[in-house]
Amino acid sequence: QVHLEESGGGSVQAGGSLRLSCTASGDRLSTNCVGWFRQVPGMGREGVAILYTGDSSTYYADSVKGRFTIAHGSAENTWNLQMNNLRPADTANYYCVAMKNNLGLCRYYPFTLNSYDYWGQGTQVAVSP
């Protein structure tokens, strides 16, 4: 079993920055699709940023383009989400995700929630006006 763990959440004022990190542990993670979703209480989960590790292609929700950047971490099986110019609308619980297979399906369906087999427990991001 693969275990994902997020770190780096917190509270900032609008315009500030945060960096989220995800570390995979347990069984070997052999996927090439990893990323981040978020959820506001009472709302559904939405895709934020996805990384196809095959060629480092990235996919972003329109609401975060130009402000968020997803990238490999410095350690194996880690990936980060750099969030700049944060807005109150970015307030949510952020989850790191990974697919189980290495078919690269995120290239075609990056934000299909049910495609992601592994989910972290989530880390809270709160942005005040």
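Residues numbered from 1 in each chain as written. Predicted model: local features only at pLDDT ≥ 70, side-chain atom pairs only at ≥ 80, totals over all residues. Heavy atoms only, no water.

## Details of the sheet that holds strand 8 (residues 78–83)
Here we have four strands laid out as an open sheet, ordered 1-3-8-7, and antiparallel in their pairing. One side of each edge strand has no neighbouring strand; the edge strands of this open sheet are strand 1 (2–7) and strand 7 (68–72). With direction set aside, neighbouring strand axes in the sheet form an average angle of 15 degrees. Across six bridges, strand 3 (residues 18–26) lies against strand 8 in antiparallel orientation. (Pairing = 2+ DSSP bridges. Helix = DSSP H or I, 4+ residues; strand = E, 2+ residues; numbered from the N terminus. Axes fitted to C-alpha atoms, helices over the stretch in contact; angles between N-to-C directions.)

## Quick look at the environment of serine 11
Topologically, serine 11 is positioned in strand 2 (residues 10–13). Expressed as a C-alpha distance, the spacing of serine 11 and glutamine 124, which sit 113 residues apart in the sequence, is 8.2 Å.

## Comments concerning the packing of aromatic side chains
Both the distance between ring centres and the angle between the ring planes are used here to describe each pair of aromatic rings. With the rule as written, the count across this model stands at four aromatic pairs. On the basis of an interplanar angle of 70 degrees and a centroid distance of 6.1 Å, the ring pair of tyrosine 95 and tryptophan 119 is categorised as edge-to-face. With a gap of 24 residues between them, tyrosine 95 in strand 9 (residues 92–98) and tryptophan 119 in strand 10 (residues 118–119) connect regions that are remote in the sequence. By relative accessible area, tyrosine 95 is classed as buried at 9%. The exposure class assigned to tryptophan 119 is partly exposed, which follows from its relative accessible area of 22%. Chaining the aromatic ring pairs together yields one cluster made of Phe37, Tyr95, Tyr116 and Trp119. (Phe/Tyr/Trp six-rings, centres within 6.5 Å; stacked < 30°, edge-to-face > 60°. Buried < 20%, exposed > 50% of the residue type's maximum accessible area, 1.4 Å probe, protein only.)

## Here we look at unusual backbone geometry
Non-glycine residue serine 56 carries a positive phi angle of around 65 degrees. As for its position among the elements, serine 56 is in the loop between strand 5 (45–52) and strand 6 (57–60). On the accessibility criterion, serine 56 (40% relative accessible area) is partly exposed. Residues other than glycine seldom take positive phi values, yet asparagine 85 does so here, at roughly 50 degrees. Tracing the backbone shows asparagine 85 in the loop between strand 8 and strand 9.

## Overview of the nonpolar core
Among soluble globular proteins, nonpolar side chains are generally buried collectively. Ranked by internal contacts, the top residues of the largest apolar core, which has 29 residues, are Leu4, Trp36, Trp79, Leu81, Met83 and Tyr94. For this core, the secondary-structure elements that each account for two or more residues are strand 1, strand 3, strand 4 (33–39), strand 5, strand 7, strand 8, strand 9 and strand 11 (123–128). Other than its neighbours up to four places away in sequence, leucine 81 contacts Leu18, Arg19, Leu20, Trp36, Val48, Ala49, Phe68, Thr69, Ile70 and Tyr94. Core analysis: the second largest hydrophobic core is formed by eight residues, Phe37, Tyr52, Met99 and Tyr116 among them. (Core = buried A, V, L, I, M, F, W, Y, C linked by side-chain atoms within 4.5 Å. Contact = heavy atoms within 4.5 Å.)

Fair warning: the whole summary comes from geometry, so function is off the table for now.
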